[in-house]
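# Chains, contacts and geometry: an overview
Here is what each chain is made of, one letter per residue.
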Amino acid sequence: MAAASNHSDGYQEAKYYLIFLHSIPERPLSREVVDLHAAHLAELDDSGKLVMAGPLLERAGGLIVLRTGSVAEAMAIAEEDPLVRGAYQTYELGTWLMSNRQNDYRPNIQPGSHK
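Our subject in this report is the structure included herewith. (Residues numbered from 1 in each chain as written. Predicted model: local features only at pLDDT ≥ 70, side-chain atom pairs only at ≥ 80, totals over all residues. Heavy atoms only, no water.)

### Regarding the overall build of the chain
Of the regular secondary structure elements, the chain holds three helices and six strands. Listed N to C, the secondary structure of the chain is β-β-β-α-β-β-α-α-β in terms of helices and strands. With 115 residues in all, the chain has 35% of them scored as buried. Taken as a whole, the chain presents about 7300 Å² of accessible surface, with 55% of it coming from carbon and sulfur. (Helix = DSSP H or I, 4+ residues; strand = E, 2+ residues; numbered from the N terminus. Buried < 20%, exposed > 50% of the residue type's maximum accessible area, 1.4 Å probe, protein only. Areas by Shrake-Rupley, 256 points an atom, 1.4 Å probe, with all protein chains shown as cover.)

### Details of the packing of aromatic side chains
Throughout the structure, instances matching the rule amount to one aromatic pair. Each ring, one from Tyr16 and one from Trp96, has its centre 5.7 Å from the other, and the planes form 35°; the classification is tilted. Placement of the pair is Tyr16 in strand S3 (residues 15-23) and Trp96 in strand S6 (residues 89-97), with a sequence separation of 80 residues. Residue classification places Trp96 among the partly exposed positions, given a relative accessible area of 38%. A cation sits over an aromatic face here: Arg27 above Tyr88, 4.2 Å from the ring centre. (Phe/Tyr/Trp six-rings, centres within 6.5 Å; stacked < 30°, edge-to-face > 60°. Lys NZ or Arg CZ within 6 Å of the ring centre and 35° of its normal.)

### Some details on the sheet that holds strand S4 (residues 50-55)
Pairing is antiparallel in the open sheet, where four strands are placed in the order S4-S5-S3-S6. Each end of this open sheet is capped by a strand with a single partner; those strands are S4 and S6. Between one strand axis and the next, the sheet turns through 15° on average, direction left out of account. As paired elements, S3 and strand S5 (residues 61-66) share six bridges and run antiparallel to each other. Note on S5: the bridge partner recorded for Phe20 is Leu63. Across the face of the sheet, helix H1 (residues 31-46) comes into contact with S3, S4 and S5 while running at roughly 160° to S4. Contacts from helix H2 (residues 71-80) reach S3, S5 and S6, with the element oriented near 155° to S6. (Pairing = 2+ DSSP bridges. Axes fitted to C-alpha atoms, helices over the stretch in contact; angles between N-to-C directions. Contact = heavy atoms within 4.5 Å.)

### Section: the nonpolar core
One finds Ile19, Leu21, Leu44, Leu50, Ile64, Leu66 and Tyr91 to be the most contacted residues of the largest nonpolar core, which totals 16 residues. Sorting the residues of this core by element identifies S3, H1, S5, H2 and helix H3 (82-85) as the ones contributing at least two each. Among all residues touching Tyr91, those that are not within four sequence positions of it are Ile19, Phe20, Leu21, His22, Met75, Ala78, Glu79 and Val84. (Core = buried A, V, L, I, M, F, W, Y, C linked by side-chain atoms within 4.5 Å.)

### Thoughts on the side chain of His40
Here His40 is to be found in helix H1. Among residues more than four places away in sequence, those in contact with His40 are Ile77, Glu80, Asp81 and Pro82.

### Quick notes on the layout of surface pockets
Of the voids in this model, the largest pocket is the one considered here, and its volume is about 180 Å³. Along the walls of the largest pocket sit 15 residues, with His37, Gly54, Pro55, Gly62 and Leu83 positioned nearest its centre. For the lining of the largest pocket, the element with the highest residue contribution is S5, accounting for four residues. Looking at the lining of the largest pocket residue by residue, the class counts come to nine nonpolar, six polar and no charged. (1 Å grid on protein atoms, 1.4 Å probe; cavity = no way out; pocket = protein on both sides within 12 Å on 5 of 7 lines; lining within 4 Å. Points joined across faces, edges and corners; volume = space filled by probe spheres on them. Nonpolar A, V, L, I, M, F, W, Y, C, P; charged D, E, K, R; others polar.)

Nothing here speaks to function; it is all geometry.
Dropping the structure here:
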């Protein structure tokens, strides 16, 4: 969900939550756990919360981009992921405000403006 910005035309900032997955070298992935992870992503996609997801080639892990109502919801989704739940991967959560034409490539990053 987008948070309100200071734009007078009613424009809403594009806000996404990023889940950076980090592989645990001692815990190789099985086909079964990858299938469970894929099913989790499909559920998120069906609910309209998944923006994009996939592995990162430069490091062991992946990225999930979500559109949710809150950081708490994004954290709950990360904790529910079979890769995290099964201790195959850890994660970091970040909030991303998109720079784009609508916000003149200057998202509103005032403290407290994007809770």
